[in-house]
Amino acid sequence: LKGTVSGPFEFGGTGFEVADLATLGVDDNPGLRLRLPEALRTNLSLGPGCMIELCGTPMWRFYSTAQPSAWTESDIAVVSCPGPKVESAVALQADIVRVTFDAQIDAGSVLANGSQFSFDNGLTSVGATASGNYVDVSTGAQVGGQQYTVEVADTVTDTNGKGVEVSANSALFSGYQQPALLRINELNANISLGCDLVELLVISAGSMNGINLQERTSIVLTFTDFSVNSGDLIVVHFDQNDSNCNGTGATNETTSISAQPVAQHPQNFDTAYDWYISDSGITSTDNVLTIYQSTGAIADAVLASNDTTGTAAAASETCLLYTSPSPRDKI
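So, here is what we can say about the structure in this document. Here the structure is a predicted model, which is why all the values come from computation and not from measurement. (Residues numbered from 1 in each chain as written. Predicted model: local features only at pLDDT ≥ 70, side-chain atom pairs only at ≥ 80, totals over all residues. Heavy atoms only, no water.)

1. Points about the overall build of the protein
Part 1 of the argument: When helices and strands are tallied, the protein shows 3 helices and 25 strands.
Part 2 of the argument: Against the 2.2 N^0.38 benchmark of 20 Å for 331 residues, the protein shows a C-alpha radius of gyration of 22 Å, consistent with a compact globule.
Part 3 of the argument: If one aligns the C-alpha atoms of the protein with their principal axes, the spans along those axes are about 70 × 55 × 25 Å.
Part 4 of the argument: Element-wise, carbon and sulfur atoms account for 50% of the exposed surface of the protein, whose accessible area totals about 15,200 Å².
Part 5 of the argument: Charge-centre separation for the protein: the mean point of 12 positive side chains lies 11 Å from the mean point of 36 negative side chains. (Helix = DSSP H or I, 4+ residues; strand = E, 2+ residues; numbered from the N terminus. Rg over C-alpha atoms; globule rule 2.2 N^0.38 Å. Areas by Shrake-Rupley, 256 points an atom, 1.4 Å probe, with all protein chains shown as cover. Lys, Arg positive; Asp, Glu negative; His and termini not counted. Charge placed at Lys NZ, Arg CZ, Asp CG, Glu CD.)

2. Section: the state of the cysteines
Part 1 of the argument: For the coordinates displayed, the defined rule picks out 2 disulfides.
Part 2 of the argument: Each disulfide pairs two cysteine sulfurs, and for Cys50 the partner residue is Cys81, the sulfurs being separated by 1.9 Å. Between Cys50 and Cys81, the disulfide has an S-S torsion of 120 degrees and is therefore right-handed. Of this pair, Cys50 sits in the loop between helix 1 (38-44) and strand 5 (51-54) while Cys81 sits in the loop between strand 8 (76-80) and strand 9 (86-93), and the two are 31 residues apart along the sequence.
Part 3 of the argument: Residue Cys50 is classed as buried on the basis of its relative accessible area of 2%.
Part 4 of the argument: Each sulfur of the disulfide joining Cys195 and Cys245 lies 2.0 Å from the other. With the S-S bond torsion at -80 degrees, the cross-link from Cys195 to Cys245 turns out left-handed. (Disulfide = S-S within 2.5 Å. Buried < 20%, exposed > 50% of the residue type's maximum accessible area, 1.4 Å probe, protein only.)

3. A closer look at the pattern of salt bridges
Side-chain pairs of opposite charge can arise whenever the charged atoms involved come near each other.
Part 1 of the argument: Enumeration according to the criterion identifies 4 salt bridges in this entry.
Part 2 of the argument: A salt bridge links Glu10 to Arg33, with the nearest nitrogen and oxygen atoms 3.3 Å apart. You can see Glu10 sitting in strand 2 (residues 10-11) and its partner Arg33 sitting in strand 4 (residues 33-37), a full 23 residues away along the chain.
Part 3 of the argument: The class for Glu10 is partly exposed, based on a relative accessible area of 38%.
Part 4 of the argument: The salt bridge involving Arg33 is made with Asp20; its shortest N-O contact spans 2.9 Å. A residue pair is termed long-range when its members are at least 10 positions apart, and Arg33 in strand 4 and Asp20 in strand 3 (residues 16-22) qualify at 13 residues.
Part 5 of the argument: Exposure remark for Arg33: the relative accessible area of 16% places this residue in the buried category.
Part 6 of the argument: One salt-bridge network, in which partners are shared between bridges, spans Glu10, Asp20 and Arg33. (Salt bridge = Lys/Arg side-chain N within 4 Å of Asp/Glu carboxyl O.)

4. Overview of unusual backbone geometry
Part 1 of the argument: Residues other than glycine seldom take positive phi values, yet Ser45 does so here, at roughly 55 degrees.
Part 2 of the argument: Its location among the elements puts Ser45 in the loop between helix 1 and strand 5.
Part 3 of the argument: Phi is positive for Asp239, which is not a glycine, with a value near 60 degrees.
Part 4 of the argument: Judged by its relative accessible area of 14%, Asp239 falls in the buried class.

5. Notes on the sheet that holds strand 9
Picture the strands of a sheet paired through backbone hydrogen bonds; they go either parallel or antiparallel.
Part 1 of the argument: Across the sheet, which stays open at both edges, the 4 strands sit in the order 9-10-13-12 with antiparallel pairing between neighbours. Both outer strands of the open sheet, strand 9 and strand 12 (125-131), are each paired with one neighbouring strand and no more. Looking at each pair of strands side by side, their axes are set apart by 20 degrees on average, direction ignored.
Part 2 of the argument: Inspection of the sheet shows strand 12 paired to strand 13 (residues 134-139) by 6 bridges, in the antiparallel sense. Looking across to strand 13, one finds that Ala130 is bridged to Val135. (Pairing = 2+ DSSP bridges. Axes fitted to C-alpha atoms, helices over the stretch in contact; angles between N-to-C directions.)

6. Quick word on the packing of aromatic side chains
Part 1 of the argument: For the coordinates displayed, the defined rule picks out 8 aromatic pairs.
Part 2 of the argument: The structure contains a cluster of three or more aromatic residues connected by ring pairs, namely Phe223, Phe226, Tyr273 and Trp275.
Part 3 of the argument: Against the face of Tyr134 rests Arg98, its NZ or CZ located 3.7 Å from the ring centre. (Phe/Tyr/Trp six-rings, centres within 6.5 Å; stacked < 30°, edge-to-face > 60°. Lys NZ or Arg CZ within 6 Å of the ring centre and 35° of its normal.)

7. Description of the environment of Gly127
Part 1 of the argument: As for its placement among the helices and strands, Gly127 is situated in strand 12.
Part 2 of the argument: If near-sequence neighbours (up to four positions away) are discounted, Gly127 is found in contact with Ala112, Asn113, Gly114, Asp136, Val137 and Ser138. (Contact = heavy atoms within 4.5 Å.)

8. Here's the deal with the sheet that holds strand 20 (residues 218-222)
Part 1 of the argument: Taken in spatial order, the 4 strands of this open sheet run 20-19-24-25, and their pairing is antiparallel. Because the sheet does not close on itself, it has two edges, and the strands there are strand 20 and strand 25 (298-304). Strand after strand, the sheet turns through a mean of 20 degrees between neighbouring axes, direction not considered.
Part 2 of the argument: Pairing between strand 19 (residues 212-215) and strand 24 (residues 287-292): 4 bridges, direction antiparallel. Note on strand 24: the bridge partner recorded for Leu213 is Ile291.

Shown next, in the form of structure tokens:
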């Protein structure tokens, strides 16, 4: 069977991944998906746009979905793949930037002097080390909060020998600032009319820039750059566009906890920074809420259940068991 991977890889059972597959005869049909072990997909740097050929393996099926499958490298041949794309860049330290790609990078293609990575606003590259799908670039001293762009030369290649795509060879990032550290303090997933709340406690002072709140596998909030102190509280309000939840049109507080006082916005808290998101509410069955640092590391996670079914939803299992191509931790 010959086909082209036509969508991103997703959780396909413990240790496995699946992605939509298009063939000459069957195109744009979610009932046909390629399935293979996560480690094999990683080793082959498979992603959307890759043309593959399966070599005589049995057909697998998951309910109504046909899943042509491979288990070892001898089961599948990679005919061609597009070059790797830059997914993101983030400052890990005041002199280190991590550039993440959508494919495994050939460490041998990355020059130790960092000359394949260039920056604007006077920032210089002095070294680079590749590991998996990212490269850590050593830089000169970054200005905290300054916006920088990194651009990658096409001489950096993936494990299939393809150079970085010119159309996706750059990313924007902020100069390093000490990040805040948060804990999920309280949550209410069943407030009337969907006006759900999550309370976050700051246990270490710093910048909120780039910190994410994720529900199951979806990021519902990425904080912008403002500073918080140890002991501060942040309340995340869901369903901001519903007049029942935010009838006064309150917006995000970044300068102080009482910038938009409860006297003007009754749903706010004068003891916390109030933040609003359009998500319609926390799924009030089994769930996973996670706080990710801007580096992709997990700061805290809460696993919740209504204890009615005895099983977890697929998206919750995905969050618990699946490690994405980016360098994120497992819960």
